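Structural characterization, general
These are the residues of each chain, in order.
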Amino acid sequence: LVAQSPVDNLREIHLVGGCHPHLGFGYYTDILKSLTRARSGLKLKAFTAVEIDHMASRAGLSSLDCLKQLKAAGLSAMPGGGAEVFSERVRKALFPNKISADRWLQIHGEAHGLGIGTNATILFGHMETLDERVAHLFRLREQQDRSGGFRAFIALPFHPKNTPLGHLPGPTGVDILKTIATARLVL
């Protein structure tokens, strides 16, 4: 018998890396091409909408053209990172350097139009109100109704420890369950 390596069962890679200030667009397409050459049929879930926006901007491309080239290089899905919570009040206070909620939804809609499925997320339990949480879920629902490309929803509870918001308690277990239950009803 020949022992199987864990790599023999590898079917998907999830790849995110942030917004590097100096790497060119070819770096990202080369990574995807190298991975698909190394393993035929490999699914590549890569790059958040924030990263797509950054890559496109640095390369002088529209986000749609950026996504088309990434898809041609092997991109098959996108994670949902960077959505945080769609409240502009909260985004200005906590995430001022991230793309807007509208831009996040636009990039995901463009990906969906190209057949690239994506995840949807919410980061909750920090300073957002319950109304802002629900509004976030309804914006995701509206996007899904338009493009049908969200494959999964991930509720991300905020963990305040070791952050500038360490004084906040974070969500309780009951709050987490209520948020997931509400998301299931809305989505």
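Look up: the structure comes first, before these words.
Treat the numbers as computed from the prediction; the structure is a model and nothing was measured.

1. Describing the packing of aromatic side chains
If you walk through the whole model with that rule in mind, you get four aromatic pairs. Between Y28 and F47, the aromatic rings sit 5.6 Å apart at their centres with planes inclined by 90°, giving edge-to-face as the arrangement. Of this pair, Y28 sits in helix α1 (residues 25-38) while F47 sits in the loop between β2 (43-46) and α2 (49-59), placing them 19 residues apart in sequence. In terms of burial, Y28 and F47 fall into one category: buried. Ring centres of F86 and W104 lie 5.5 Å apart, and the angle between their planes is 55°; on these two criteria the pair is classed as tilted. Remark: W104 occurs in helix α5 (residues 101-113) and F86 occurs in the loop between β3 (75-78) and α4 (88-94); sequence separation between them is 18 residues. The structure contains a cluster of three or more aromatic residues connected by ring pairs, namely Y27, Y28 and F47.

Conventions used here
Residues numbered from 1 in each chain as written. Predicted model: local features only at pLDDT ≥ 70, side-chain atom pairs only at ≥ 80, totals over all residues. Heavy atoms only, no water. Phe/Tyr/Trp six-rings, centres within 6.5 Å; stacked < 30°, edge-to-face > 60°. Helix = DSSP H or I, 4+ residues; strand = E, 2+ residues; numbered from the N terminus. Buried < 20%, exposed > 50% of the residue type's maximum accessible area, 1.4 Å probe, protein only.

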